[in-house]
Protein chains: 2
Amino acid sequence: MSRVPRPTYHHGNLRAAALERAAQLAADGGTGALSLRQLARDLGVSPAALYRHFADKDALLDGLAQRALAALESAARDALARAGGDQADAAERLAALGRGYLAFARAHPDAFRIVFELRPKAGRDPVEAAPYLLLLEAVTALAPPGADAARVRRAALAAWAFVHGLATLGAQQAWVAGEVAAAAEGLLRDYARGLRVGFPS
Amino acid sequence: MSRVPRPTYHHGNLRAAALERAAQLAADGGTGALSLRQLARDLGVSPAALYRHFADKDALLDGLAQRALAALESAARDALARAGGDQADAAERLAALGRGYLAFARAHPDAFRIVFELRPKAGRDPVEAAPYLLLLEAVTALAPPGADAARVRRAALAAWAFVHGLATLGAQQAWVAGEVAAAAEGLLRDYARGLRVGFPS
DNA sequence: ACCTGAACACCGTTCAAGT
DNA sequence: ACCTGAACACCGTTCAAGT
């Protein structure tokens, strides 16, 4: 009859608790240092219990990647909103998206790595994910009226690659992260304005 | 007295043979699927034998990364030479370096991943590696006479990030790799020429 | 100097059994 | 439905001992 039957651990939300703790474990030591048995120990549960919630270790990592991708999307939307949202012009929006991407990678290097480090699998395609769609929208707005879809897609890919490269190099080397943080604003503005002036053929 | 005392396996070159086989194992299944015991089994040697040549598993992976980095450097130098070497103008050289980088990532996605996927460790800094120095040289040649070192370094970082982003995104998603391969030539030329026209402030 | 054998403390995963 | 206990086949690493 109790309406709140122990919402903690052993009852109900083991899956959520496991993902939460797994994210912490992956944050220090990296995704390779994540052990299901250690995780079970931390949660006060038998190793086998996790298999009621995840098919295997890979499924757990997949869950982690989805969480991180959602966080990245939030960061992108927030940066967009802070820049004025739909009212801002397209170059402004593009720069804001880049800013959000870089800020996320800098603030949560572990989560950023998790999104992209896993081997590509059926169904997990970052390109179908929301952040890419936001980018495509901004680039489309920047493109000249006559531009065909393939040309726009290529420009979006180039813009993504530029920012993604800055983010991944920064996530690997601390001093690069510093350099990126210092130069990011200028680089993003130059890039976005350059796109409007000379949209690639 | 035998001048060539079984140069194979059990004698002499276990280290080289281990790296060779490890590279193969990492190529399929990824670096995470690499097991020292499996490796020892493949080489017909006891697991402990590997510890005469590598301090631990991480040291083996480090050896793998160094090999891959050397291969990447070769690819960059080859592309440079094919483009005319020192006689080619700076924009041409910069584009050639990008071409070599992308071609390597496409031909050996596993090796490319190994270079960059490992957690940064003291002493392993891709930025001190030869490929970066070649890049810095080309960008320096493109910079206007008065440009100071920091500005040049920033431009080199941006160029690297652009190409690195294309390469890593391509290494993750097969269709992106195709798109990159199709668009690379145009993107690289535009980028290199754009740098000469409007070197970033 | 280089390698083996055996051992230690860990893994991921499965499966019968409990509640 | 969700969890435990015990087991299986694996790990990385160490250390004495062999040649």
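What you see as residue numbers is a count from 1 along each chain, following the sequence as written. In the order they appear in the text, chains get letters beginning with A and ligands get numbers beginning with 1. Thresholds applied to this predicted model are a pLDDT of at least 70 for local features of residues and 80 or more for the giving and counting of side-chain atom pairs; totals over whole chains, interfaces and linings are not thresholded and use all residues. Side-chain metrics in this entry use all non-hydrogen atoms of the structure; hydrogen atoms and water are not considered.

Visitor: Honestly, the nonpolar core in this entry has me stumped. Any pointers?
Guide: For soluble globular proteins, nonpolar side chains are generally found buried alongside one another. Nine residue types can take part in a nonpolar core, namely buried Ala, Val, Leu, Ile, Met, Phe, Trp, Tyr and Cys, and a core is a set of them joined through side-chain atoms within 4.5 Å. Residue exposure (1.4 Å probe, protein chains only): buried if accessible area is under 20% of the type maximum, exposed if over 50%, otherwise partly exposed. Leu135(A) and Leu135(B) are the most contacted members of the largest nonpolar core, which totals 99 residues. Counting from the N terminus, the helices are the DSSP runs of H or I reaching at least four residues and the strands are the DSSP runs of E reaching at least two. At 14 residues, helix 7 (residues 149-172) of chain A tops the list of elements feeding residues into this core. Every residue pair with non-hydrogen atoms within 4.5 Å of one another is taken to be in contact. Here Leu135(A) is in contact with Leu94(A), Leu97(A), Ala156(A), Ala159(A) and Trp160(A), once residues within four sequence places are set aside.

Visitor: I keep staring at the relation of the copies chain B and chain A and nothing clicks. Help me out?
Guide: Between the two copies of the chain lies a relationship made up of a rotation around an axis and a movement along it. The atoms used to superpose the copies are C-alpha atoms, taken from residues with pLDDT of at least 70 in both, and the fit is least squares. Structural alignment of chain B on chain A gives an RMSD of 0.0 Å, achieved by rotating through 180 degrees and translating 0.0 Å along the axis. The superposition of one copy onto the other is thereby described by a two-fold rotation axis. Mapped onto chain A, 100% of the interface residues of chain B are again interface residues, and the two copies thus contact each other with one and the same surface.

Visitor: Sorry if this is basic, but what is going on with the interface of chain B and chain A here?
Guide: Across the contact, 35 residues belong to chain B and 35 residues belong to chain A. Here's the idea: put two parts together, see how much 1.4 Å probe accessible area each one loses, and the total over both is what we call buried area. Between chain B and chain A the total buried area reaches about 3100 Å² when both faces are included, carbon and sulfur atoms providing 61% of it. Salt bridge criterion: a side-chain nitrogen from Lys or Arg within 4 Å of a carboxyl oxygen from Asp or Glu. If you look at where chain B meets chain A, you find two salt bridges. Notably, a salt bridge pairs Glu179(B) with Arg153(A), separated by 3.4 Å at the nearest N-O pair.

Visitor: Whenever I open this one, the layout of surface pockets confuses me. Can you help?
Guide: In this approach, a probe sized like a water molecule rolls over the atoms, and the result shows the empty space that is left. The distinction between a cavity and a pocket rests on a 1 Å grid over the protein atoms alone: a 1.4 Å probe fits inside a cavity but cannot get out, while a pocket stays open yet meets protein on both sides within 12 Å along at least five of seven lines, and a residue with an atom within 4 Å of a point counts as lining. Grid points are joined across faces, edges and corners, and a volume is the space filled by probe spheres set on the points. In this structure, the second largest pocket spans a volume of roughly 680 Å³. What lines the second largest pocket is a set of 19 residues, among which Asp190(A), Tyr191(A), Gly194(A), Tyr191(B) and Gly194(B) lie closest to the centre. Looking at the lining of the second largest pocket, the elements with two or more residues in it are helix 7 and helix 8 (174-197) of chain A together with helix 7 (149-172) and helix 8 (174-197) of chain B. Partitioned by chemical class, the residues of the lining of the second largest pocket number 13 nonpolar, four polar and two charged. Each residue gets one of three labels, nonpolar for Ala, Val, Leu, Ile, Met, Phe, Trp, Tyr, Cys and Pro, charged for Asp, Glu, Lys and Arg, and polar for the others, Gly among them.

Visitor: Even after reading the chapter, I still don't get the packing of helix 4 (residues 90-107) of chain A against helix 6 (residues 130-142) of chain A, so can you show me in this structure?
Guide: Each packed pair of helices is defined by two parameters, the angle between the axes and the distance between the axes. Residue and element names in this part refer to chain A. Axis angles are defined between N-to-C directions and span 0 to 180 degrees, where every axis is a line fitted to C-alpha atoms and, for a helix, only to the segment in contact. Taken N-terminus to C-terminus, the directions of helix 4 and helix 6 make an angle of 150 degrees; their axes are 8 Å apart at the nearest point. Looking at the two axes, helix 4 sits roughly antiparallel to helix 6. Helix-helix and strand crossings are classified by hand; for helix 4 and helix 6 the assignment is left-handed. Here Ala90, Ala91, Arg93, Leu94 and Leu97 of helix 4 lie close against helix 6, whose contacting residues are Leu134, Leu135, Glu137, Ala138, Val139, Ala141 and Leu142. Tallied by class, residues from the contact of helix 4 with helix 6 come to ten nonpolar, no polar and two charged. Roughly parallel here means an angle under 35 degrees, roughly antiparallel means over 145, roughly perpendicular means 65 to 115, and every remaining angle is called oblique. Working rule for handedness: look at the near helix, and if it is turned counterclockwise from the far one by less than a right angle, call the crossing left-handed; if clockwise, right-handed.

Visitor: Before we go on, may I ask you to explain the packing of aromatic side chains in this structure?
Guide: Two measures describe an aromatic ring pair: the distance that separates the ring centres and the angle between the ring planes. When the centres of two rings from Phe, Tyr and Trp lie within 6.5 Å, Trp using its six-membered ring, the rings pair. Their planes under 30 degrees apart give stacked, over 60 give edge-to-face, and anything left gives tilted. Scanning the model with the defined rule gives eight aromatic pairs over all chains in all. Measuring from ring centre to ring centre gives 5.3 Å for Phe112(B) and Phe116(B), while their planes differ by 55 degrees; the resulting arrangement is tilted. Residue Phe112(B) and its partner Phe116(B) are both found in helix 5 (residues 109-117); the two are separated by four residues, about one turn of the helix. Comparing Phe112(B) with Phe116(B), the two get one shared label, buried. Between Tyr132(B) and Trp160(B), the ring centres sit 5.5 Å apart and the planes meet at 45 degrees, which makes this aromatic pair tilted. With a gap of 28 residues between them, Tyr132(B) in helix 6 (residues 130-142) and Trp160(B) in helix 7 connect regions that are remote in the sequence. Pairwise contacts between aromatic rings join Tyr101(A), Phe112(A) and Phe116(A) into one cluster.

Visitor: I'm lost on the confidence of the model for chain A in this one. Help?
Guide: Interpretation of the predicted coordinates at a detailed level should be avoided for regions scoring low in pLDDT. Residue and element names in this part refer to chain A. For chain A, per-residue confidence averages 88 on the pLDDT scale, and 89% of positions sit at 70 or higher. Summary of the metric used: pLDDT quantifies the predictor's per-residue confidence within the range 0 to 100. Least confident of the elements in chain A is helix 8, whose mean pLDDT is 88; most confident is helix 2 (residues 36-43), at 97. Predicted confidence is poor over residues 1-7, with pLDDT under 50, and the contacts of this stretch with residues over four places away or in other chains come to three contacts.

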